[in-house]
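Chains, contacts and geometry: an overview
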Amino acid sequence: MNSLVVMSVFAAAVVLRLVLRLWLIGRQIRHVARHRDAVPADFAGTVSLEAHRKAADYTIARQRLELLTTAWGSAVLLGWTLLGGLDALNVLVRDAVQPRWGDLAYQIALVMAVSVIGSLIDLPFDLWRTFRLEQRFGFNRMTPGLWLKDALVGALVGAVVGVPLLALVLWLMAAAGPLWWLWAFAALAGFTLLMQVVYPTVIAPMFNKFQPLADEALKGRVEALMQRCGFRAQGLFVMDGSRRSAHANAYFTGFGASKRVVFFDTLLSRLTPGEVEAVLAHELGHFHHRHVPKRILTLMGVWLASLALLGWLMAQPAFYVGLGVQPSLMAPNHALALLLLMLAGPVFGFLLAPLTAAVSRRHEFEADAYACRQASGADLRAALLKLFQDNASTLTPDPAYVRFHYSHPPASERLAALAGR
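The rules behind each value
- Within every chain, residues take consecutive numbers counted from 1 along the sequence as written.
- Restriction of local features to residues with pLDDT of at least 70 applies here, the model being predicted, together with a cutoff of 80 or more for giving and counting side-chain atom pairs; totals for whole chains, interfaces and linings are based on all residues.
- Heavy atoms throughout the structure, all of them, feed into the side-chain values; hydrogens and water do not.
- Between the N-to-C directions of two axes lies an angle of 0 to 180 degrees, each axis being a line fitted to C-alpha atoms and, for a helix, fitted only over the stretch in contact.
- What counts as a helix is a DSSP run of H or I of at least four residues, what counts as a strand is a run of E of at least two, and both are numbered from the N terminus.
- If an angle is under 35 degrees, it is roughly parallel; if it is over 145, roughly antiparallel; if it lies from 65 to 115, roughly perpendicular; otherwise it is oblique.
- Throughout, a crossing is termed right-handed when the near helix is turned clockwise from the far one, and left-handed when it is turned anticlockwise from it by less than a right angle.
- Note on contacts: a residue pair qualifies if any of its non-hydrogen atoms lie within 4.5 Å across the two residues.
- Only Asp, Glu, Lys and Arg are considered charged, only Ala, Val, Leu, Ile, Met, Phe, Trp, Tyr, Cys and Pro nonpolar, and every remaining residue, Gly among them, polar.
- Two strands make a pair as long as DSSP finds a minimum of two bridges between them.
- UniProt positions are given in the numbering used here, feature names are shortened, and annotations may be inferred rather than shown by experiment.
- Residues grouped as a nonpolar core are buried Ala, Val, Leu, Ile, Met, Phe, Trp, Tyr and Cys residues, joined through side-chain atoms within 4.5 Å.
- Accessibility here uses a 1.4 Å probe with only protein chains present; expressed as a share of the type maximum, an area under 20% marks a residue as buried, one over 50% as exposed, and anything in between as partly exposed.
- Every patch collects residues that have over 30% relative accessible area and no salt bridge, joining them within 9 Å if they carry like charges and within 5 Å if they are nonpolar side chains (Val, Leu, Ile, Met, Phe, Trp, Tyr).
- The protein chains shown are the only cover counted for residues, whose accessible areas, like all others here, come from Shrake-Rupley with a 1.4 Å probe.
- When a carboxyl oxygen of Asp or Glu lies within 4 Å of a side-chain nitrogen of Lys or Arg, that pair is called a salt bridge.
- We call Phe, Tyr and Trp rings a pair once their centres come within 6.5 Å, taking the six-membered ring for Trp, and we label the pair stacked below 30 degrees between planes, edge-to-face above 60, and tilted otherwise.
- Whether a charge lies above a ring is judged from NZ of Lys or CZ of Arg, which has to be within 6 Å of the ring centre and within 35 degrees of the ring normal.
- What pLDDT conveys is the predictor's confidence in a given residue, as a value from 0 to 100.

Looking at the packing of helix H1 (residues 3-34) against helix H12 (residues 334-349)
Where H1 contacts H12, the two axes come as close as 9 Å, and the packing angle between them is 55°. It follows from the interaxial angle that H1 and H12 lie oblique. Remark: the crossing between H1 and H12 carries left-handed chirality. Across the interface between the two elements, Val9, Phe10, Ala13, Val14 and Arg17 from H1 touch Ala344, Pro346, Val347 and Phe348 from H12. Counted by class, the contact of H1 with H12 contains 8 nonpolar, no polar and 1 charged residues.

Here it is, written out as structure tokens:
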């Protein structure tokens, strides 16, 4: 492997991804703006021009911010890699930590330093998105104090959960021989399954309050639906989503006996009982078609392939040099290799976006079809129309942008499919 070839391929891929993403965002902005002043014919009787314009303006504002974050993200990526940022940070952390605390502590410190710096770099955009963009359109309900609390709790949970896992993976890379990546994959897979059990009952309550569903009539209706669908849950809960956002949702989470059905309080305040039942029937459609296990297995397959690839790449000096880092002769390079994979991987993975988005959209259509068999299709259509309006989802997205970025079908396609049922 030649370092110059690695550098050239990576630089070309970064530029290609940047150009493609900017082109798609530009198309989305122009397409939505062009249709801003006319409600599509299929929605003329149900969506007001004012709501349609608000959705267009919200979409355009988000895409303009995305233009900035996309360009900035590419510049930061090049700064970490080809411009030597990661190499300089590695030398600094290694010299400060390794002599006193050893190889493992140095590598953990390096990964944490990159994570903290990356979060600080993204901080202005996150704040602008929450307190300017979302605030402007009436969606943000988070106070600066609550935002800070979430950030601190999130960082603490990330450290408590992530550092031991990182230490285990780094130890396996050093001690488990040429097939370390199989053992590391087993550790990551086990951790993922454990989180399916732990997250709903331990981690999620650190951020939100979950109260048992108090509406007995709705509870009875939901339980009857779950019985028809063969779905068992630990409980039905209402989450105080309104503390942070006006956006609404419902979902089930957990694994095995820890499964929970969760409704945002904003959802229950807007929908009728029949519409709530239909929305939950859609979520149960994902359960019926085993979409969540399929997605987890797909993710694990990507992890396995990536770790196997890394097992080969980390033995190639050109892999490090080509991405702007000088591998150390006196310290392990496992953390460097992991970081380079995490930085460079998404550049090439973006080309698979149309495939993954298409699969996700197909799953949504399947879940909608299932919901229509278990509940009222008319109620589901009415609920989705309310949610599209409440969330200011544009009715006129650009088709090319949809193919790359939409994990859910556009409103026009989804509601048209429901109308035919």
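Points about the sheet that holds strand E4 (residues 260-264)
The 4 strands lie next to each other as E1-E2-E4-E3, forming an open sheet whose pairing is mixed. Because the sheet does not close on itself, it has two edges, and the strands there are strand E1 (210-212) and strand E3 (250-253). Adjacent strand axes in the sheet meet at a mean angle of 30° when their direction is disregarded. The strands touched by helix H7 (residues 216-229) within the sheet are strand E2 (235-239) and E4, with E2 carrying the most contacts at an inclination of about 130°.

Focus: the UniProt feature "transmembrane region" (unreviewed entry) in the protein
Listed under "transmembrane region" (unreviewed entry) in the UniProt record, and renumbered for this structure, are residues 6-26, 71-92, 104-125, 146-174, 180-199, 296-315 and 335-355. Secondary structure across residues 6-26 divides into 100% helix and 0% strand, with the first and last C-alpha atoms of the span separated by 30 Å. In residues 71-92, the share of helix is 82% and the share of strand is 0%. The end C-alpha atoms are 28 Å apart.

Description of the nonpolar core
Grouped together as the largest cluster of nonpolar side chains are 52 residues, with contacts concentrated most on Leu86, Leu110, Met173, Trp180, Leu310 and Phe319. Among the elements that take part in this core, H12 stands out by supplying 10 residues, more than any other. Among residues more than four places away in sequence, those in contact with leucine 310 are Met173, Trp180, Phe319, Ala337, Leu338 and Leu341. One finds Phe210, Met226, Phe237 and Tyr370 within the second-largest nonpolar core, a separate group that totals 45 residues.

Side note on a nonpolar patch on the surface
A surface patch of nonpolar side chains, about 330 Å² in accessible area, is lined by Met1, Leu309 and Trp312. Within the secondary structure layout, leucine 309 lies in helix H10 (residues 291-313).

Some details on the packing of aromatic side chains
Applying the stated criterion across every chain yields a total of 7 aromatic pairs. Ring centres 4.7 Å apart and planes at 85° place the aromatic pair phenylalanine 231 and phenylalanine 287 in the edge-to-face group. With phenylalanine 231 in the loop between H7 and E2 and phenylalanine 287 in helix H9 (residues 273-288), this residue pair connects regions lying 56 residues apart in the sequence. Residue classification places phenylalanine 287 among the partly exposed residues on the basis of a relative accessible area of 28%. An aromatic cluster of at least three residues, connected via ring pairs, comprises Tyr58, Phe137 and Phe139. Across from the ring centre of phenylalanine 350, 5.7 Å away, lies the NZ or CZ of arginine 21, which sits over that ring.

Some thoughts on the confidence of the model for the protein
Atomic detail in the predicted coordinates should be set aside for any region of low pLDDT. Looking at the protein, pLDDT values average 91 and 99% of them are 70 or higher. Across the protein, the secondary-structure element scoring lowest on mean pLDDT is E3, at 78, and the one scoring highest is helix H2 (residues 49-80), at 96.

What about the environment of leucine 307?
Mapping leucine 307 onto the fold places it in helix H10. Between the alpha carbons of leucine 307 and glycine 254 there is a distance of 26 Å; along the sequence they are 53 residues apart.

Quick notes on the environment of valine 292
On the secondary structure map, valine 292 appears in helix H10. Overall, the relative accessible area of 33% leaves valine 292 in the partly exposed class. Spatially, the C-alpha atoms of valine 292 and serine 269 are 27 Å apart, while their sequence positions differ by 23 residues.

Brief notes about the pattern of salt bridges
All chains considered together, the criterion is met by 18 salt bridges. Of the charged contacts, one joins lysine 386 and glutamate 275 as a salt bridge, the two residues approaching to 2.9 Å between their closest N and O atoms. Placement of the pair is lysine 386 in helix H14 (residues 377-390) and glutamate 275 in helix H9, with a sequence separation of 111 residues. A single salt-bridge network, built from bridges that share partners, covers Arg36, Asp37, Arg53 and Asp57.

Points about the pairing of E4
In terms of burial, E4 is largely enclosed, as 5 of its 5 residues are buried. In this sheet, E4 lies alongside E2 in parallel orientation, the contact comprising 5 bridges. If you follow valine 238 over to E4, its bridge partner there is phenylalanine 263. Two elements, E3 and E4, share 4 bridges in a ladder whose sense is antiparallel. Bridged to tyrosine 251 within E4 is valine 262.

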